[in-house]
Each structure stands twice: as C-alpha cells, then as structure tokens.
Amino acid sequence: MADLKLKLRELCREGSLKEAMHILLSINKLHVDPSLYLQLLQTCIAKNALSEAKQIHLHINDNDTGFKLSTHTNLQSKLISMYDKLGSLQNARTVFDNMSEPTLSSWNTIIGAYRRHGFPQEALVLFHQMQQTSVKPDSFTLSSILPACASMEAVEKGMEIHRTIIESSFLSDVVVGNALVDMYAKCGRMHMARELFDKMPLRNVVSWNSIISRYAQNGVLDEALSLFEEMPERNVVSWNVVVAGYAQNGFLEKALEILTQMQMLGVKPNSATFSSILPACTQMGSLEQGVEIHRRILENGFLSDIVLSNTLIAMYAKCGSIRKAREVFDKLPNRDLVSWNAIIAGYAQHGLVERALEVFNQMQQADVQSDQFTVSSILSVCTKTGALERGVEVHQRVIESGLLSEVVAVNALIDMYAKCGKIQKARQLFEKMYDRNVISWTTMIAGYALHGYGKDSLELFELMKHSGIDPNHVSFVCVLYACNHAGLVDEGCKYFNHIIPNLDHYACMVDLLGRAGYLEEALNFIIKMPVKPDDVVWMGLFAACKSSKNLWLAEFVAEFVFELDPKSASPYVLLSNIYADLGRWDGVQKVRKTMKDRGIKKIPGYSWIEVCKMVHTFCVGDRSHPQTQEIYAVLETLSWEMKEAGYIPDTRPLLNDVDEVEKKLLLCPHSEMLAIAFGLLNTSPGTSIRVVKNLRVCGDCHATTKIISKIVAREIIVRDANRFHHFKDGECSCGDYW
C-alpha cells in the first residue's frame, strides 16, 4: 500500500494524471489520506483536466466514511480553487455551499472566483454574506472585492468598503490601497483616486502604474506624463502605460518617441509594449507608423510572438496593405485559428473573394477547425460579390463543422442568402434558429427591406417585439428603410415618432419624404432637426430633387452637400444629371469644370456575376475579359431584338454638348449590361441571372434590363447600391420606385 501511495505521488509530480487516476482507483478508499487528494487536485489544475477532477471529487465524497470531508477545510478550499481555475463556477459554489463553516480562505476563493468569471454582483452579495458571519475580511478579501465594484461602477458600494478598510486598519496595506485607488479611478472619480494616491504612506511601482494608466486612458496625457517623470522607479510596465496612453489617444508619433526614449535608457520593450501601439495604428489606418513598429518588433526579436504577428496581419490588412499582411502570415512558423481568421478577414475587407476562399480551403486542408468568426468573414466576401454558389458551399461546411448552432454563423448565412437574392432561403434558416438575437431579427428585416418587401419587414418587426426582443437603433433604421423603398410614408412616420432618433434615422425619414414627392415637407423636416444634418441627410433630399426635376431646390441643397463632403463625386454627378435632364447644358459644363478644377473623379461602376463558383468582374466598356468578343456580340443581338420590339434607348440628351472622348465613353455598355450578357452566354436557358453592382442602376439600364428579361424569358436579379431589382417578363419588382 505504501508503495502504491509513493508511486501515485511520483506520477503526480511528473504530471502523469491518467496513470495516477488508475492507481487511485486501485487503492482502498479508507487508506487514501487528504494529502494525496490535494496532490491529485493540483495535477488536475496543471493539466486543465475537469473530467478527471470531477472523478476525484466523487472519490473524495465516497471516501467520507474514512475521514469527515467537512473537517478537512484545506481539501474543501482546494476543491473550490480547482473548480474556479478549471472554469466550473457552479461546482465551486456547490462545494462552498456544503461547507458547514466556511473559512476565510474559502470565502476569499469563492468571492474571487465570481469576480474573475464576470459576476461582480454575485461577488458583492457573497461579501455581504461574509460580513454577517464571524469571519472577518483580510487584505486579500478587500483587494479582491474592490475590482468588482470597479467593473460595475458601483462607487457607493466601493465607498462602503472604503469605510470598512479604515475601520479594519488596512488602509496602510499597499495592495489594498492600490485596489482602492483603481476602483475610484475606474468609477470616474479621478480626484478621489488622486487624493488617496497622494496620501498613501507606502507606494510601489503598481501604485504609480495604476494612477498613470487611468490618467492615460482618460486622455489626461500631460498629467500622466508628469507623474511618470516624479516616479522614483520605473519598470517596463510603467513605460508601456505611457506609450499605450499616447497611442490609444491618437498620438502615435509621441508614442514612438517615448518608445525610443525607453530603449535609449536601456529598458527593453516586451511584447505588451508593441501590442499596445499596433491596435491604434489599425484603428487610425496609420500604415507608416505600423511599418515602423513592425521594424522594431523585428529588431527586438518578437516576431515569433503569435499574438503580435496576428495583430500585425490585422493591422496591415485594415491599413490597406494586404500584400504585407500575407507576407507576415506566410512567415509564421506556427499558425493558430486567429492567424487564419485575420488573413481571411483581410481578404474579405478587400473584396478578394477568390483569395479568401483559397486561404479558407488551405485552412481546411491544414485540419484547423474553423469557428463562427471564420465563417462570418468568408461569408461577408460571398455577400459582397453575390457569390451564392460559394456561399452555399460554405453553408455545407458550417453544417459539417457543427457550427449551425452558433448564432454569429447563422446570422452571417441569413445575411448572405438575403443579399444574394435568396430571401426565402434566408427566412427558412431564420425560422430554424433555436436562439435568435437582435442581430438575427434585424438582418432578416433588412433583407426584406432590400428586396422591397416593406410589409414583410414591418410584420417581422412587430413579431420581434412580441417575442420579447428589444429593437436597437439599427433595427429602426431597417424598418424606416423598408418603409422608404415601399413608399409607406404613414407607417414610416409612425415608427419615427416612437424612437429617440439619431442621424441615420433622420436620413431615412428625409429619403422617405423625398421619394414620395414631399420635397417641401422634407426640407422643413431638415430645418427643424435638433441636431446638425450631415451630408447623408442632405443627399436624401438632393436625390429627390432629380426625380421631381426641382432645379432651384437642387442648387440650394447642393451647396450644403459640397461643403459637408467636398471630395465626394456623387453630388456633382447628381447635379450634372439634373441639369442634363432639364437641357441646361451650361450647368452641366459648369459642374464638370468644377470637378476638374477640384480634382474630383467619378467613382467607377463595377458589376460582379458568379458562374460555376467563379466571380467575374466588369467595368464600363470593359474589354479585358477572355470572352469579350462573344459578350459584345450578345449585346448587339439584344440591341437589334429590342429595336424589333419597339424599344430604342434615348441617349441623345446624354450626348449633347460633350467631346468625342466622353461621347465614346457614354456609348459604352455599363458594367451590369456586360455582366448580364456574360451570364446569358454561360448559364442554361431559363435559369436566373444574378448581378451585383457597386453603384445605383441608371434609368436607361433599368429600362433596358426590363426589356431584356422579356426577350430572353429569364429572371434577371440585380442588386445595386440601393436595393434589389427582380426583372421578369418586362417588369421590375421595384415598380420603377428606387
């Protein structure tokens, strides 16, 4: 028996848990003493072995006849601590509740466990219960409960604990003092935090770092730097706090300057130093500073740090250099799930559907299990380019990976199907969801709105409210958008009057009134807005001026839009088109000259079509495609058939008073026409054609596509920047209201 116990202890020291468990089960329960159990439980913590931990706990309970578990408080405290560290808070609480007289150590462990697991309210309740017993808190208890107050910003409760600290004579304890200062700072009481800090009889480097970091995070950088320079002893954490403070408040150059100073003084930066600056570069799109930080990371030998490398990939991708992001990814000796997700998300942000899918396939081949964020990123690419076939393929992988129960993944699938023209399929997925959140409902409502199914959107919105889900501001934007594109003015006004609106809601209402022809009401609405209207609000009215051919109002609104968004080409193009519609060629020339003088260029139109899981891209007058000759032949045939059907596009107003170069450009087929012709060439007769365009479909292309749908007896689905158009039998689902 002694040999077995010796062997068991040896196996525990070696971390051989399975073999130790085997021996444990072979020993007579009456001969197992608490010290063996303590050793086994520690091994479970080291090996992160929850299943084995539960078996040992069961063995302990079964052995309660050999020794009373209730008298072995060390063992009970160890069980609580073990379950806490293994993430099983419920089991930890069960052990604690079964203790007849919890010790101070047990109270400290369970209170700390609830706080660490994100349940500060429960931690405070336990602390209150502890105060009702004969067990008095120590410095560990007090320094552990104060962060719970901080996370809830429960300053009143924190002040109560402050009084307890004074009464218990723990104010001189530096750990308690640090926690108290930090609590007041996080609760927004910086003056109280500073007053306490200044009065602390003993301060360590943590004290200084804490107060400096709070000043830095609140943007009070001068005070943070001043304290950093009074500071008697600085460590790398101190330097990191100041570097992060400047970086996160947008002062990247100053952050780099302090980093240089830090290195000159012989303080070697750690991975946390660079981790604090890189996200700021990402957020601000500062590629130049990001490249400089990358250089310093290489100099300091931290490129093997997987977290830093992943952050670099994300930084390069979001700052516009997907090539550099891929270089970092390719050089990684070991890649984790975050690495794969970062590069896939990068390709997704740049609209590179084929590259994103290629990496996704490599990830599968490397036997890396994708998560819902991988799926969300890859589906966003399919959604952007209308790659339905690829999206269906990803859907199948979601099913195979068991991610269909993950709400983020299913929301992304619903969004993909809705925006790729399969609104019924989106609804089927929505109906099968076991757990829907506000994003699930809002995504489905937005899908119906995008297709022009306003009444379906409103019905779903009402159902959402009856289901107990509170709509957020995006939900209301989608509802107003639905009313907008279905001409539901009264309904839109009703919903608007029941919300506290932001600029997005105001923009929707102006667009709604303007599209319905209520230009005067829309203008008065803008004038009476309690907040300053932005360019999007004014553009809603501006666009309505074109439909109503109201030149004086268009010229009036244009001045506001030009001032608020001086670099955008859209308002200039819109005003030029209004002049052209009215035959005011002097106005057209004036707008063109202004654009030229200000260096403003029109956004090029692009269209995408997916055929056989490949996405093909076209621009206006495109002749780069391998099938160019056949595509233009199809368009010529269609043009002849349209004339036979009695339809002749009226392009004369567009061609008036323009030079030969621009005339040739205007006569070129728009991108969606080329995509439709390509689709007719490469898909089976009778099947639907799906096209995505980055800009709004022009009136001529809209009219032309209606006729083509009748000639070829096909449904042609076009998603433009505003909404879906389902062309069939010479009609469009939008009813020419877009």
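The coordinates are above.
Residues numbered from 1 in each chain as written. Predicted model: local features only at pLDDT ≥ 70, side-chain atom pairs only at ≥ 80, totals over all residues. Heavy atoms only, no water.

Caption draft 1: Structural view of the environment of leucine 225. Residue position: leucine 225 is located in helix α14 (residues 221-230). The class for leucine 225 is buried, based on a relative accessible area of 19%. For the pair formed by leucine 225 and threonine 282, sequence separation is 57 residues and the distance between their alpha carbons is 24 Å. If sequence neighbours within four positions are ignored, leucine 225 has contacts with Val242, Tyr246 and Lys254. (Helix = DSSP H or I, 4+ residues; strand = E, 2+ residues; numbered from the N terminus. Buried < 20%, exposed > 50% of the residue type's maximum accessible area, 1.4 Å probe, protein only. Contact = heavy atoms within 4.5 Å.)

Caption draft 2: Representation of the layout of surface pockets within the structure. The computed volume of the second largest pocket comes to approximately 410 Å³. Contributing to the lining of the second largest pocket are 23 residues, with Lys419, Leu450, Tyr481, Ala721 and Asn722 lying nearest its centre. Those elements that provide at least two residues to the lining of the second largest pocket are α23 (372-385), α25 (407-419), α27 (438-450), α29 (473-486) and β3 (689-693). Ranked by residue count, the leading element in the lining of the second largest pocket is α27, at five residues. Residue composition of the lining of the second largest pocket, grouped by class: eleven nonpolar, five polar and seven charged. (1 Å grid on protein atoms, 1.4 Å probe; cavity = no way out; pocket = protein on both sides within 12 Å on 5 of 7 lines; lining within 4 Å. Points joined across faces, edges and corners; volume = space filled by probe spheres on them. Nonpolar A, V, L, I, M, F, W, Y, C, P; charged D, E, K, R; others polar.)

Caption draft 3: Looking closely at the environment of methionine 21. Looking at the element boundaries, methionine 21 is found in helix α2 (residues 17-26). For the pair methionine 21 and histidine 395, spaced 374 residues apart in sequence, the C-alpha to C-alpha distance is 42 Å. Apart from the residues lying within four places of it in its own chain, the contact partners of methionine 21 are Glu52, Gln55 and Ile56.

Caption draft 4: Looking closely at the sheet that holds β3. Strand order in the open sheet made by the six strands is β2-β1-β3-β4-β5-β6, with mixed pairing throughout. Both outer strands of the open sheet, β2 (614-619) and β6 (731-732), are each paired with one neighbouring strand and no more. (Pairing = 2+ DSSP bridges.)

Caption draft 5: Focus on the packing of aromatic side chains. A full pass over the atoms with the stated rule returns 15 aromatic pairs. Ring geometry for tyrosine 114 and phenylalanine 119: centres 6.3 Å apart, planes at 75°, overall edge-to-face. Taking relative accessible area as the criterion, phenylalanine 119 reaches 37% and is therefore assigned partly exposed. On the basis of an interplanar angle of 15° and a centroid distance of 4.2 Å, the ring pair of phenylalanine 562 and tyrosine 572 is categorised as stacked. Here the residue phenylalanine 562 occupies a position in helix α34 (residues 551-564), and tyrosine 572 occupies one in helix α35 (residues 570-581), the gap between them amounting to ten residues. Per residue, the accessibility class of phenylalanine 562 equals that of tyrosine 572, and both read buried. One aromatic cluster is present, built from ring pairs that chain together Phe461, Phe476 and Tyr495. Over the face of the ring belonging to phenylalanine 430 we find arginine 436, whose NZ or CZ atom lies 4.3 Å from the ring centre. (Phe/Tyr/Trp six-rings, centres within 6.5 Å; stacked < 30°, edge-to-face > 60°. Lys NZ or Arg CZ within 6 Å of the ring centre and 35° of its normal.)

Caption draft 6: Structural detail: the packing of helix α18 (residues 287-299) against helix α19 (residues 306-318). Axis separation between α18 and α19 bottoms out at 11 Å; the angle between their running directions is 160°. Here α19 runs roughly antiparallel to α18, going by the angle between their axes. Taken as a pair, α18 and α19 cross one another with a handedness that is left-handed. In this structure, α18 uses Leu287, Gly290, Val291, His294 and Ile297 to contact α19, whose residues at the interface are Leu308, Leu312, Met315 and Tyr316. Tallied by class, residues from the contact of α18 with α19 come to seven nonpolar, two polar and no charged. (Axes fitted to C-alpha atoms, helices over the stretch in contact; angles between N-to-C directions. Parallel < 35°, antiparallel > 145°, perpendicular 65-115°, else oblique. Left-handed = near helix turned anticlockwise from the far one by under 90°.)

Read these as layout, nothing more, since geometry by itself doesn't imply function.
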